[in-house]
Amino acid sequence: MSEPTAAGSPSPEVPAKSMEQIVSLCRRRGFVFQSSEIYGGINGFWDYGPLGTELKRNLKNAWWQDVVQRELIGPTGDAVDIVGLDCTIIMNPKVWQASGHVGGFNDPMVDCRASKARYRADHLVVLGSIAAGSRLWAFVEGDDAARTKATKALCKYEKCDAPDPARHVLRPFTAITADERARTIGPDADEPGSLTEPRMFNLMFETHCGAVRDEDSKAYLRPETAQGIFVNFQNVVDSTRVKVPFGIAQVGKAFRNEVTPRNFTFRSREFEQMEIEFFIHPSEANQWYAWWRDWRFSWWQSIGLTSSNLQLREHDRDELAHYAKEGAGTSDIEYRFPFTAPGFGELEGVAHRADFDLRAHATHSGKNDKAKYFDQARNERYFPHVIEPSAGADRGTLALLCEAYTPDPSRPSGVFMRFHPRMAPVKAGIFPLVNKEGMPEIGEKLFRTLRKKHVVEFDEKQSIGKRYARMDEAGTPFCITIDSETLSSQTVTVRHRDTQQQEKLGIEQVPAWLDRQIGLED
RNA sequence: GCGGGAGUAGCUCAAUGGCAGAGCAGCUGCCUUCCAAGCAGCAGGUUGCGGGUUCGAGUCCCGUCUCCCGCUCCA
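In this text, all values refer to a predicted model and were calculated from it rather than measured experimentally.

A.B. asks: A description of the domain arrangement of chain A should follow, citing residues and the corresponding values.
C.D. replies: In many analyses, interface size is given as the accessible surface area lost on bringing the parts together. Domains assigned within chain A are domain 1 (14-99 + 207-403), domain 2 (106-201) and domain 3 (412-518). One C-alpha centre belongs to domain 2, the other to domain 3, and the line joining them spans 69 Å.

Have a look at this one:
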């Protein structure tokens with residue numbers, strides 16, 4: 001009996017994968033559709049078809065099983081304690097003030113009509129004379145080259161050797177008047193007046209609770225699932241017997257009103273996250289951060305992302321988020337998608353968020369030090385630090401699709417989907433070789449048996465080759481054929497998707513055999 | 001948000017301003033003893049959507065939506 005044929009690196013001689021072809025297959029076979037397509041679609045929203053729904057569900061179930069339900073041994077040799085949570089999408093708006101999303105997601109932006117560039121208004125500063133009618137130069141704060149360039153232009157215009165601090169001042173762009181803005185030359189412009197007024201691009205979706213639509217009833221769709229976990233931290237501690245170190249896991253939808261949704265499902269306005277907030281004593285941050293980073297990376301490999309298209313990348317200090325500057329670090333688990341190649345796109349971020357969130361909610365809720373966690377073993381009261389492995393379910397599903405897509409000109413289908421058996425939407429196809437001699441009846445009986453535990457398909461129509469080809473495009477790892485030998489010696493023929501090779505198996509052994517292939521216990 | 005390209009059956013594509021078609025896929029039946037075979041049949045469309053010009057628009061014009069590429073954005 002051969003070993004399971006898990007997904008692996010495509011051999012170097014296979015043709016390159018094109019995103020256009022992957023999108024086409026997703027649509028043709030029912031993995032992913034455009035949302036509300038019959039009305040022309042809607043930018044940034046995607047639906048999963050029957051096969052795609054199974055695939056994404058397999059991904060989320062595997063994550064939940066491996067993170068919450070199954071035993072996971074941590075860096076100290078002890079089992080890692082993680083409990084589940086399922087929070088609402090709409091929460092008290094104060095949550096988003098405390099988290100910094102109201103503000104961070106409300107940045108005013110400035111467009112340049114001449115250069116077509118866009119800048120964050122609060123990043124721009126303006127250099128020039130305060131005298132009426134004189135020219136001003138804008139540049140991005142901290143850009144020394146731009147500052148030098150603006151200074152030179154100013155000196156030439158004002159006919160002086162160096163700026164006079166009494167007259168030539170540096171002011172934030174947001175502080176100048178409309179008249180002054182009309183006299184300002186943009187960072188990448190040659191003439192004044194090309195910069196627009198600062199405009200809001202709010203990335204949080206807004207709604208209203210109740211019938212009255214006013215400022216007081218305004219609410220937001222959550223832009224991340226993490227905050228629901230933080231605001232429930234105390235509830236979980238009080239209602240369960242968890243002790244630090246422990247984690248809280250959540251899978252759920254989040255919404256961001258992205259300026260430019262792009263690249264198929266990679267950047268959508270509605271998406272699903274799989275997040276863990278793991279709470280630790282501050283002294284153990286480095287150990288847990290490194291362990292989570294490495295375990296999460298190996299987890300993605302275990303479900304089929306085994307090629308060099310998966311990488312782990314530690315962030316540089318200067319790209320760290322505001323809450324992570326002093327921490328143990330942040331890293332991204334990245335996949336080389338066809339549309340990012342030769343670069344990579346983020347699948348999951350593992351971040352040491354320190355105590356930023358718990359502390360912020362303690363302050364904003366007025367609970368302050370009463371929100372601290374009491375550690376009995378250490379006899380110490382503190383805000384636990386957090387290691388956050390935050391993964392995108394839709395991005396993970398897309399990576400599985402891209403990784404699985406394997407052109408093979410020698411096959412009738414021209415392509416097959418090389419999903420890991422655990423991820424495959426359909427685990428097996430059951431086919432009578434011909435539609436007579438009692439084969440359909442035997443096949444249907446086997447189908448009913450396997451169906452109790454697995455998604456399997458039964459198909460008695462058309463030629464066997466056509467049925468294999470269809471299963472290749474759906475990514476079904478095994479096809480089980482009832483043939484004349486089944487009638488004489490109770491064996492079936494198993495055809496393996498990746499190698500197209502066949503093996504004989506006693507029909508009674510099939511259920512246990514299939515469990516093993518998919519990674520379930522006997 | 002800016003610039004460029006595209007949109008006709010599920011897919012790949014035809015149709016000079018003049019009857020919207022083909023191949024493949026799908027479905028039904030026959031056939032078929034291992035890789036999209038064959039035969040017969042069926043179904044599939046307000047040509048992305050909305051206006052306009054015209055006796056007549058898939059085709060010309062305007063608007064709009066969506067997708068792709070390049071910018072921008074992505075705490």
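A.B. asks: Tell me about the state of the cysteines, and please be specific about residues and values.
C.D. replies: Counted under the stated rule, the structure contains 0 disulfides. Lacking any disulfide linkage, Cys 160 is separated from the closest cysteine sulfur, that of Cys 155, by 4.2 Å.

A.B. asks: So, the nonpolar core: which residues are in play, and what are the values?
C.D. replies: Judged by nonpolar contacts, the single largest core of 60 residues is most densely connected at Phe 31, Ile 82, Phe 278, Trp 292, Trp 300 and Phe 337. Each of domain 1 (14-99 + 207-403) and domain 3 (412-518) contributes no fewer than three residues to this core.

A.B. asks: Mind laying out the sheet that holds strand β9 (residues 184-185), listing which residues take part and the relevant values?
C.D. replies: Pairing is mixed in the open sheet, where 4 strands are placed in the order β8-β6-β7-β9. What marks the edges here is a single partner per strand, and that holds for β8 (168-172) and β9. Note that strand β6 (residues 124-129) and strand β7 (residues 136-140) share 5 bridges and pair antiparallel. Looking at the pairing, Val 126 lines up with Ala 138 of β7. Helix-sheet contacts for helix α5 (residues 144-158) involve β6, β7 and β8, and the interaxial angle to β7 is about 175°.

A.B. asks: Can you break down the packing of helix α12 (residues 439-450) against helix α15 (residues 510-518) residue by residue, with the values?
C.D. replies: Relative to each other, α12 and α15 sit at 50°, their axes nearing to 10 Å. On the basis of the axis angle, α12 is oblique to α15. Regarding α12 and α15, the two cross each other, and that crossing is right-handed. Contacts between α12 and α15 involve Leu 446, Thr 449 and Leu 450 from the first element and Val 510, Pro 511 and Leu 514 from the second. Among the residues making up the contact of α12 with α15, the classes are represented as 5 nonpolar, 1 polar and no charged.

A.B. asks: Quick one: what's the story with the confidence of the model for chain A, residue by residue and with numbers?
C.D. replies: Regions with low pLDDT carry predicted coordinates that are not meant to be interpreted in detail. Averaged over every residue, the pLDDT of chain A is 87; residues scoring 70 or more account for 92%. Model confidence for chain A, summarised as mean pLDDT per element, is weakest for strand β10 (residues 199-200) at 65 and strongest for strand β3 (residues 82-84) at 97. Note on residues 1-15: pLDDT is under 50 here. Beyond four places in sequence and across chains, it has 30 contacts. Overall fold confidence for the complex sits at a pTM of 0.84, while the interface term, ipTM, reaches 0.89.

A.B. asks: I'd like a description of unusual backbone geometry, backed by residues and values.
C.D. replies: Residue Pro 245 is reached from Val 244 by a cis peptide bond, and omega for that bond is 5°. The omega torsion across Ala 341 and Pro 342 is 5°, close enough to zero to call that bond cis. In this fold, Pro 342 is placed in the loop between β16 (330-335) and β17 (345-354). Within the chain, Asn 368 stands out as a residue other than glycine whose phi angle is a positive 45°. Relative to the helices and strands, Asn 368 is located in the loop between α10 (356-364) and β18 (373-375). Among the residues examined, Asn 368 registers a relative accessible area of 38% and is labelled partly exposed. Located in the positive-phi region is Gln 490, a residue other than glycine, with phi close to 55°. With respect to the secondary-structure elements, Gln 490 resides in the loop between α14 (484-489) and β26 (491-496).

A.B. asks: Talk me through the environment of Asp 188; I want residue IDs and the actual numbers.
C.D. replies: Here Asp 188 shows up in the loop between β9 and β10. Between the alpha carbons of Asp 188 and Ala 138 there is a distance of 9.1 Å; along the sequence they are 50 residues apart.

A.B. asks: Let's hear about the sheet that holds strand β14 (residues 270-280): which residues, and what values?
C.D. replies: Strand order in the open sheet formed by 7 strands is β3-β13-β14-β20-β17-β16-β15, with mixed pairing between adjacent strands. Single-partner strands in this sheet number two, and they are β3 and β15 (310-314). Averaged over all neighbouring strand pairs, the angle between strand axes comes to 20°, with direction disregarded. As judged from the 10 bridges shared by strand β13 (residues 246-255) and β14, these two strands associate in the antiparallel manner.

A.B. asks: Can you lay out the packing of aromatic side chains for me, pointing to particular residues and giving the numbers?
C.D. replies: For the structure shown, the criterion picks out 25 aromatic pairs. Between Phe 233 and Phe 246, the aromatic rings sit 6.0 Å apart at their centres with planes inclined by 20°, giving stacked as the arrangement. Here Phe 246 lies in strand β13 and Phe 233 lies in helix α8 (residues 233-239), a separation of 13 residues in the sequence. For the residue pair Phe 233 and Phe 246, the accessibility class agrees, reading buried in each case. Taken together, a centroid distance of 5.7 Å and an interplanar angle of 85° make the contact between Trp 288 and Trp 291 edge-to-face. Residue Trp 288 and its partner Trp 291 are both found in helix α9 (residues 285-302); the two are separated by 3 residues, about one turn of the helix. Comparing Trp 288 with Trp 291, the two get one shared label, buried. Positioned above the aromatic ring of Phe 416 is the side chain of Arg 411, whose terminal nitrogen or guanidinium carbon lies 3.7 Å from the ring centre. One Lys or Arg, Arg 495, reaches over the ring of Tyr 468 and ends 4.7 Å from the middle of that ring.

A.B. asks: Which residues make up the environment of Gln 227, and what are the values?
C.D. replies: By the secondary structure assignment, Gln 227 is in helix α7 (residues 226-231). Residues Gln 227 and Ala 150, spaced 77 residues apart in sequence, show a C-alpha to C-alpha distance of 42 Å. Ignoring sequence-local partners within four residues, the contact set of Gln 227 consists of Met 91, Val 95, Trp 96, Ser 99, His 101, Arg 353, Asp 357 and His 361. One polar contact links Gln 227 to His 361, side chain to side chain, over a distance of 2.7 Å.

Basis of the calculations
Residues numbered from 1 in each chain as written. Chains lettered and ligands numbered in written order. Predicted model: local features only at pLDDT ≥ 70, side-chain atom pairs only at ≥ 80, totals over all residues. Heavy atoms only, no water. Domains from an automatic or database assignment. Disulfide = S-S within 2.5 Å. Core = buried A, V, L, I, M, F, W, Y, C linked by side-chain atoms within 4.5 Å. Buried < 20%, exposed > 50% of the residue type's maximum accessible area, 1.4 Å probe, protein only. Pairing = 2+ DSSP bridges. Helix = DSSP H or I, 4+ residues; strand = E, 2+ residues; numbered from the N terminus. Contact = heavy atoms within 4.5 Å. Axes fitted to C-alpha atoms, helices over the stretch in contact; angles between N-to-C directions. Parallel < 35°, antiparallel > 145°, perpendicular 65-115°, else oblique. Left-handed = near helix turned anticlockwise from the far one by under 90°. Nonpolar A, V, L, I, M, F, W, Y, C, P; charged D, E, K, R; others polar. pLDDT = per-residue confidence, 0-100. Phe/Tyr/Trp six-rings, centres within 6.5 Å; stacked < 30°, edge-to-face > 60°. Lys NZ or Arg CZ within 6 Å of the ring centre and 35° of its normal. Polar contact = N/O pair within 3.5 Å; in protein donor to acceptor, adjacent residues only side chain to side chain.

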